[in-house]
Amino acid sequence: WSHLVFFSFFSFFLMIRRPPRSTLFPYTTLFRSIIFLASLLFMSKDEPKDELTLAHRSFIVVSLLFLLGPVGDPWYFCWVIPFLCLFPYYSFIMLSWFLIFSYLSFSRDFGSVTLGEFNLPILNLIQYTPFFLMAFLEFFIRRRRRSIHA
């Protein structure tokens, strides 16, 4: 268990990248850091019961590193894929399909949508919007199943 915590803190420092040309960079990095550290503290409050629980917590940590990282490179998602054999979350399986579209950005600029001061690339919206919708749906379905079985 201590190895997971060490790996998580080590990976956390790898999340910090060169700042982009944005005045919001310090705030977004702080926000990502607080979410990541809070999730680590929440998961480390008790010892895992078995190896499967430890693997599930590792899956959550690696997934958070990918989702909260400032660079959404598809190669970083390769860390998540082995866990999908043990924990087949449909949202992450769907994300693995949609990340293939990121290679389209090499051949064409799809433009962006402006929301206030934020420019959101259309290709990222195509990739991540279905994932987050499916992830929220999965979360509520799993929570409902737990409350029914409890």
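Residues numbered from 1 in each chain as written. Predicted model: local features only at pLDDT ≥ 70, side-chain atom pairs only at ≥ 80, totals over all residues. Heavy atoms only, no water.

A.B. asks: So what exactly am I meant to see when it comes to the overall build of the chain here?
C.D. replies: When its secondary structure is counted, the chain shows five helices and two strands. Counting only residues that meet the buried cut, the chain has 29% of its 150 residues in that class. Contacts in the chain between residues at least 24 apart in sequence constitute 65% of all its contacts with a sequence separation of at least 6. For the chain, the accessible area works out to roughly 10800 Å², and carbon and sulfur atoms hold 70% of it. (Helix = DSSP H or I, 4+ residues; strand = E, 2+ residues; numbered from the N terminus. Buried < 20%, exposed > 50% of the residue type's maximum accessible area, 1.4 Å probe, protein only. Contact = heavy atoms within 4.5 Å. Areas by Shrake-Rupley, 256 points an atom, 1.4 Å probe, with all protein chains shown as cover.)

A.B. asks: Which parts of the structure should I look at to understand the pattern of salt bridges?
C.D. replies: When the charged atoms of two side chains lie near each other, side chains of opposite charge can form a pair. In total, this model carries one salt bridge according to the counting rule given. Salt-bridge contacts for D46 lead to R57; the nearest nitrogen and oxygen are separated by 3.0 Å. One end of the pair, D46, is in the loop between helix 2 (25-43) and helix 3 (51-68); the other, R57, is in helix 3, with eleven residues separating them in the sequence. With a relative accessible area of 36%, D46 lands in the partly exposed category. (Salt bridge = Lys/Arg side-chain N within 4 Å of Asp/Glu carboxyl O.)

A.B. asks: Would you mind going over the packing of aromatic side chains with me for this structure?
C.D. replies: Two numbers describe a pair of aromatic rings. These are the distance of the centres and the angle of the planes. Enumeration over the complete set of coordinates arrives at ten aromatic pairs. Ring centres of F77 and F92 lie 6.4 Å apart, and the angle between their planes is 15°; on these two criteria the pair is classed as stacked. Here F77 is found in the loop between helix 3 and helix 4 (90-98), whereas its partner F92 is found in helix 4, with 15 residues between them in sequence. For the ring pair F139 and F140, a centre distance of 5.3 Å and an interplane angle of 70° mean the geometry is edge-to-face. (Phe/Tyr/Trp six-rings, centres within 6.5 Å; stacked < 30°, edge-to-face > 60°.)

A.B. asks: What should I look at first to understand the pairing of strand 2 (residues 118-121) in this one?
C.D. replies: Each regular strand displays side chains that alternate between the two surfaces of the sheet. The pairing of strand 1 (residues 112-115) with strand 2 spans four bridges and is classified as antiparallel. Looking at strand 2, one finds that T114 is bridged to N119. (Pairing = 2+ DSSP bridges.)

A.B. asks: So what exactly am I meant to see when it comes to the confidence of the model for the chain here?
C.D. replies: Detailed reading of the predicted model is not advised wherever pLDDT is low. When pLDDT is averaged across the chain, the result is 76; 77% of the residues are at 70 or more. When pLDDT is averaged over each element of the chain, helix 4 comes out on top at 89 and helix 1 (residues 2-15) at the bottom at 54. (pLDDT = per-residue confidence, 0-100.)

A.B. asks: Help me understand the packing of helix 4 against helix 5 (residues 122-149), please; the structure alone is not making it clear to me.
C.D. replies: Two measures define how a pair of helices packs: the angle their axes make with one another and the distance between the axes. At a minimum axis separation of 8 Å, helix 4 and helix 5 run at an interaxial angle of 170°. By the angle between their axes, helix 4 is roughly antiparallel relative to helix 5. Contact residues: helix 4 offers Y90, S91, F92, M94, L95 and F98, while helix 5 offers I126, Q127, Y128, P130, F131, M134, A135 and E138. Broken down by class, the residue content of the contact of helix 4 with helix 5 amounts to eleven nonpolar, two polar and one charged. (Axes fitted to C-alpha atoms, helices over the stretch in contact; angles between N-to-C directions. Parallel < 35°, antiparallel > 145°, perpendicular 65-115°, else oblique. Nonpolar A, V, L, I, M, F, W, Y, C, P; charged D, E, K, R; others polar.)

A.B. asks: What's the story with the nonpolar core in this structure? I'm lost.
C.D. replies: Membership of the largest hydrophobic core comes to 15 residues, with the highest contact counts inside it found for F59, F77, F92 and L95. The set of elements that each furnish at least two residues to this core consists of helix 3, helix 4 and helix 5. Among the elements that make up this core, the one with the highest residue count is helix 3 (four residues). Once you skip the residues sitting within four places of it in the chain, F77 turns out to touch F66, F92, L95, S96 and L99. (Core = buried A, V, L, I, M, F, W, Y, C linked by side-chain atoms within 4.5 Å.)

A.B. asks: Looking at this structure, I do not really get the environment of L104. What am I missing?
C.D. replies: By the element assignment, L104 lies in the loop between helix 4 and strand 1. For the pair L104 and L123, spaced 19 residues apart in the sequence, the C-alpha separation amounts to 8.4 Å. Excluding residues within four positions of it along the chain, L104 makes contact with F110 and L123.

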